[in-house]
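# Summary of structural features
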Amino acid sequence: MQDILEIEISIAAVRHTNTMLSSLLSHPSNKGYSLALPSTLPYAVPHTLVYGPAGTGKTTSINKALGLMGCSEDKNNLIRLTATTFKKPEELVLYLSEKVSWKGYLCDKGKIDHTNCSNCKIVDYLNPRGPIEPFAIFIDEIHELSPEMQNALLLILNDFRYQITNKNNEVLDLRFPKFTLFGATTDPGLLIKPLRTRFKNKLVTNYYSDTEMISVVKNIGLKYNINLSNNSLDLIARCSQGIPREAVNLVEGLYQYSCYRREKDNTLTTYSDSLVHDFISLKGFDNTGLHKDQKALLNFLSIKDTRGKLKTLGLSRILQYFGWDKRRFLDEIEPRLISRGLIEVSS
């Protein structure tokens, strides 16, 4: 069968988009999600925003979609960046422009204005002449872009061009190929509404259930040739707290811990329940899967006032009492307790 990227746009777009979505929607949070597509789509994949807690597979899902689109740095049709790299809109725009020029999408004739330039390799998906040539930009932690930078990105999305004045007061008309924008974020609410609505696909990667995590832990263990009992699988799954990245960290840590123990005791040959329990305790977890910091917070929140009522505590007081970093508290400690129904956040 002919490769999908060589098929004309009339049918390639729909197949391509459905293939990409099937990869993204493999995440348990998106079961049952469907997207109706017209028979003729003017571009291969709509702009896509993937959001959810840290470590739940946002970047992994997007990387799979990029692979299916045929986009990679090696093929010079992918720009990958992290939002925290830039401080000003001009920095972001010029970086993207330089990357596009380097990848050969702009010609060397007339650096200032490429309007209607026949030498440019700009692909116009709205008026296709031949096969689709995909181009993608992936911005990780896209919510970290300032509102000004988000507005600059929005202008590029509107016309795939951006005008900027250089130090010589020359107006540069920067042009971009028609591209698919992928964004990954833990907080979509920080995106300005006009940019947020530009994403036709909004997909969530939520916490995995304990049952789903058992399967994840088992698959990770196989990569390290680690065979665990059902009790050990269940324990590591609980401690992972619905985060695949945490499962990877724990299984890798268990492997390293077992190597250390074998150096001390050459009779140790298996990953016994006692070995797993010792490792989990060393990492600060109990048998319920709670970390010692989470238990300390729950105990602190259970303190009652003189009238026998639970105290309402502000974030600043909690951080001051424990000496925790605000980002860690908001990204790891609090949301995982909320997801398990152990605490509630008052308005």
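Everything quoted here is computed from the prediction, not taken from an experiment. (Residues numbered from 1 in each chain as written. Predicted model: local features only at pLDDT ≥ 70, side-chain atom pairs only at ≥ 80, totals over all residues. Heavy atoms only, no water.)

### Brief notes about the overall build of the protein chain
Each helix and strand in the protein chain was counted, giving twelve helices and seven strands. Taken over 347 residues, the protein chain has a buried fraction of 45%. Of the contacts made within the protein chain by residues no fewer than 6 positions apart, 69% connect residues no fewer than 24 positions apart. About 18,900 Å² of surface is accessible on the protein chain, with carbon and sulfur atoms providing 49% of the total. (Helix = DSSP H or I, 4+ residues; strand = E, 2+ residues; numbered from the N terminus. Buried < 20%, exposed > 50% of the residue type's maximum accessible area, 1.4 Å probe, protein only. Contact = heavy atoms within 4.5 Å. Areas by Shrake-Rupley, 256 points an atom, 1.4 Å probe, with all protein chains shown as cover.)

### Comments concerning the nonpolar core
Grouped together as the largest cluster of nonpolar side chains are 31 residues, with contacts concentrated most on Ile 139, Phe 176 and Phe 179. At the level of secondary structure, the elements contributing two or more residues to this core comprise β2 (78-82), α3 (89-102), β3 (136-140), α4 (147-159), β4 (161-165) and β5 (171-175). The element best represented in this core is α4, accounting for five residues. In this structure, Met 213, Val 217, Leu 235 and Leu 275 belong to the second largest nonpolar core, which totals 23 residues. (Core = buried A, V, L, I, M, F, W, Y, C linked by side-chain atoms within 4.5 Å.)

### Some thoughts on the pairing of strand β7 (residues 201-204)
Only one face of β7 is covered, namely the one carrying Asn 201 and Leu 203; the face carrying Lys 202 and Val 204 has none of its residues buried. Alignment of strand β1 (residues 48-51) against β7, held across four bridges, turns out to be parallel. In the sheet register, Thr 48 faces β7, and the bridge partner there is Asn 201. (Pairing = 2+ DSSP bridges.)

### Regarding the packing of aromatic side chains
All told, the structure shown has nine aromatic pairs when counted by the stated rule. Geometrically, the ring pair formed by Phe 300 and Tyr 321 is stacked, given 4.2 Å between the ring centres and 20° between the ring planes. Taken together, the residues span a long stretch of sequence, with Phe 300 in helix α10 (residues 292-301) and Tyr 321 in helix α11 (residues 315-322) at a distance of 21 residues. When its relative accessible area of 54% is taken as the criterion, Tyr 321 is described as exposed. In textbook terms, an aromatic cluster arises when at least three aromatic residues are bridged by ring pairs, as seen for Phe 300, Tyr 321, Phe 322, Trp 324 and Phe 329. (Phe/Tyr/Trp six-rings, centres within 6.5 Å; stacked < 30°, edge-to-face > 60°.)

### What about the pairing of β5?
Walk down a regular strand and you will see the side chains alternate between the two sheet faces. Among the five residues of β5, four are classified as buried, and the element is accordingly described as predominantly covered. For β4 and β5, the ladder comprises five bridges, and the chain directions are antiparallel. Residue Arg 161 lies in a different strand from β5, and its bridge partner there is Arg 175. Counted along the chain from β4 to the antiparallel partner β5, the turn is five residues long, and its residue Asn 169 has a positive phi close to 60°.

### Points about α4
A rise of 1.5 Å per residue sets the reference length of α4, with its 13 residues, at 18 Å; its end C-alpha atoms lie 19 Å apart and thus fit the reference within 8%. A positive phi of about 55° marks Phe 160, the residue just after α4. (Expected span 1.5 Å × (residues − 1).)

### Considering the confidence of the model for the protein chain
Put simply, the protein chain has an average pLDDT of 77, and 73% of its residues get 70 or more. Mean pLDDT across the elements of the protein chain ranges from a minimum in helix α1 (residues 9-24), with 42, to a maximum in helix α7 (residues 230-240), with 95. In this model residues 1-20 is a low-confidence stretch, pLDDT under 50, and it forms 51 contacts with partners more than four residues away in sequence or in other chains. Below pLDDT 50 for its whole length, residues 32-43 participates in 22 contacts with residues either more than four positions away or in separate chains. (pLDDT = per-residue confidence, 0-100.)

### Digging into the packing of α10 against helix α12 (residues 326-339)
Remark: α10 packs on α12, axes separated minimally by 10 Å, with the N-to-C direction vectors making an angle of 70°. If you check the angle between α10 and α12, you find them roughly perpendicular. Each of Asp 293, Gln 294, Leu 297 and Leu 298 in α10 lies in contact with α12, whose residues at this interface are Arg 328, Phe 329, Ile 333, Arg 336 and Leu 337. Residue classes in the contact of α10 with α12 are distributed as five nonpolar, one polar and three charged. (Axes fitted to C-alpha atoms, helices over the stretch in contact; angles between N-to-C directions. Parallel < 35°, antiparallel > 145°, perpendicular 65-115°, else oblique. Nonpolar A, V, L, I, M, F, W, Y, C, P; charged D, E, K, R; others polar.)

### Considering the sheet that holds β2
Taken in spatial order, the five strands line up as β2-β3-β6-β1-β7 in an open sheet, and their pairing is parallel. A single partner strand is all that each edge strand has here, and the edge strands are β2 and β7. Across the sheet, the mean angle from the axis of one strand to that of its neighbour is 15°, orientation sign disregarded. Where β2 and β3 come together, five bridges link them in parallel fashion.

### Looking at the pattern of salt bridges
For the structure on display, the rule yields eight salt bridges. A salt bridge links Asp 234 to Arg 238; the shortest N-O distance between them is 2.0 Å. Here the residue Asp 234 and the residue Arg 238 both occupy positions in helix α7, the gap between them amounting to four residues, near one helical turn. Residue classification places Asp 234 among the partly exposed positions, given a relative accessible area of 28%. What makes Arg 238 buried here is its relative accessible area of 19%. Between Arg 336 and Glu 246 there is a salt bridge whose closest N-O contact spans 3.5 Å. Placement of Arg 336 in helix α12 and of Glu 246 in helix α8 (residues 244-264) is noted, with a sequence separation of 90 residues between them. Each member of the pair, Arg 336 as well as Glu 246, is classed as buried. Through salt bridges that share partners, Asp 293, Arg 328 and Glu 332 make up one connected network. (Salt bridge = Lys/Arg side-chain N within 4 Å of Asp/Glu carboxyl O.)

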